[in-house]
Amino acid sequence: MDRRRFVGQGALGLASLLMAGRGGGAERLQEKPSALIDAQKPLSCLAFGSCNRSLLDQSYWKLIAREQPDLWVWLGDTIYADGALPDQRRAMFQDLFRNPHYTRFRQQVPIIGTWDDHDFAGDNQDGRFRDKLASKNSLLEFLEIPEDHPVWGHQGVYQSYSYGPQGQKTQVILLDLRFNMDRQKNVHSLLGDLQWAWLEAELKESDADLIVIGSSLNVLSPVNGLGLEGWHGFRQDKARLLELLSACGKPTVLLSGDRHFAEFAATRLSNGLPVYEIMSSGLTHALGIKLPHSERIGEMVGLKNFGLVHISWETNGPKITLELRSTERYQSLQAIHAPFTEV
Ligand SMILES: [Fe+2]
């Protein structure tokens, strides 16, 4: 499909369609465009989440807006379109896009994102999914990605963004763990060669002061199986990622989702620096289960939640606080400081 036509008729064109056919309230709601970020301004609060059954109540968006984040990051399973045809998946994205609660939110907070299995294809599906290009178009349309953005040329939806001036610069790298994932034993790959090369270049050439990596699947947990996916099921990829972060040597926070519970964890890289993971899941549904994790910090959170990365820019670098907050009430569920000190 012609990309320009698709974008033109899609999310950006949707507002005018709605204005033509809806009552006054909807018109006013849609007239205001989605918020844009000022890339020159340092990030001080990044919010993210995953696992959103978009047919369930979406009124929680006001609780996230109340935190006044500089940025919202979708970490996957934004909709549950299992078994949907491409047009049905696109329609589900569009329904969420124009949901009044989400509309108000995206008019206040800039949004970027990646995907996971349920918005990409279906439960635990990999890159052999035949409609993956149509899925990519639908996600990028939902995210209102400009037609000249490099992601359109990628084999997948992996993206990189930089915010803030030198000395206070955050690079947000969003990985795609679906488009190139191949579970076949003779391949067993999570990112694919092109994405690995891209990630290596991004980290090597980065002039950021803080790296945030968005991974739809959990990175550090030693548990997989029982229907749970994660980097632990792709151990060579996990070791390769941690070695890359060690070589990069910058303070790094990993964001993840997918598992329907939340937790903090940290591991020590071979360069002596810690890397932290904050997993937030899910926005509309969660499970109170117990799993072992020797690198977990604090408790597992089995309540519906979203995640926050608070960044305070000190003279000697970023000072990070990670927080999990409820999507059911105005409540902090757990928070930790994340110092990047060598041992
Ligand atoms: Fe998932």
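Owing to the predicted nature of the structure, the values given are computational and were not obtained by experimental measurement.

Asker: Could you give me a rundown of the pairing of strand β11 (residues 305-314), with the residues and numbers involved?
Answerer: By the criterion of burial, β11 is predominantly enclosed, with 7 of the 10 residues buried. Relative to β11, strand β1 (residues 45-49) runs antiparallel, the two being bridged by 4 bridges. For Leu-46, the partnering residue across the bridge sits in β11 and is Val-309. As judged from the 10 bridges shared by β11 and strand β12 (residues 317-326), these two strands associate in the antiparallel manner. When the bridges of β12 are listed, Trp-313 appears paired with Pro-318.

Asker: How would you sum up helix α6 (residues 100-108)? Please name residues and give values.
Answerer: The α-helix advances 3.6 residues per turn, and as a result positions three or four apart in sequence lie on the same side. Looking at α6, one finds that the buried residues are Tyr-102, Thr-103, Phe-105, Arg-106 and Gln-107. Between a side-chain oxygen at the N-terminus of α6 and the backbone nitrogen of His-101 the separation is 2.8 Å; the capping residue is Asn-99.

Asker: Tell me about the sheet that holds strand β3 (residues 111-113), and please be specific about residues and values.
Answerer: Reading across from one edge, β3-β2-β1-β11-β12-β13 is the order of the 6 strands in this open sheet, with mixed pairing throughout. Pairing within the sheet leaves two strands with one partner each, and these edge strands are β3 and β13 (332-337). Each strand axis lies, on average, 20° off the axis of its neighbour in the sheet, ignoring direction.

Here is what the cut-offs are and how they apply
Residues numbered from 1 in each chain as written. Predicted model: local features only at pLDDT ≥ 70, side-chain atom pairs only at ≥ 80, totals over all residues. Heavy atoms only, no water. Buried < 20%, exposed > 50% of the residue type's maximum accessible area, 1.4 Å probe, protein only. Helix = DSSP H or I, 4+ residues; strand = E, 2+ residues; numbered from the N terminus. Pairing = 2+ DSSP bridges. Polar contact = N/O pair within 3.5 Å; in protein donor to acceptor, adjacent residues only side chain to side chain. Axes fitted to C-alpha atoms, helices over the stretch in contact; angles between N-to-C directions.

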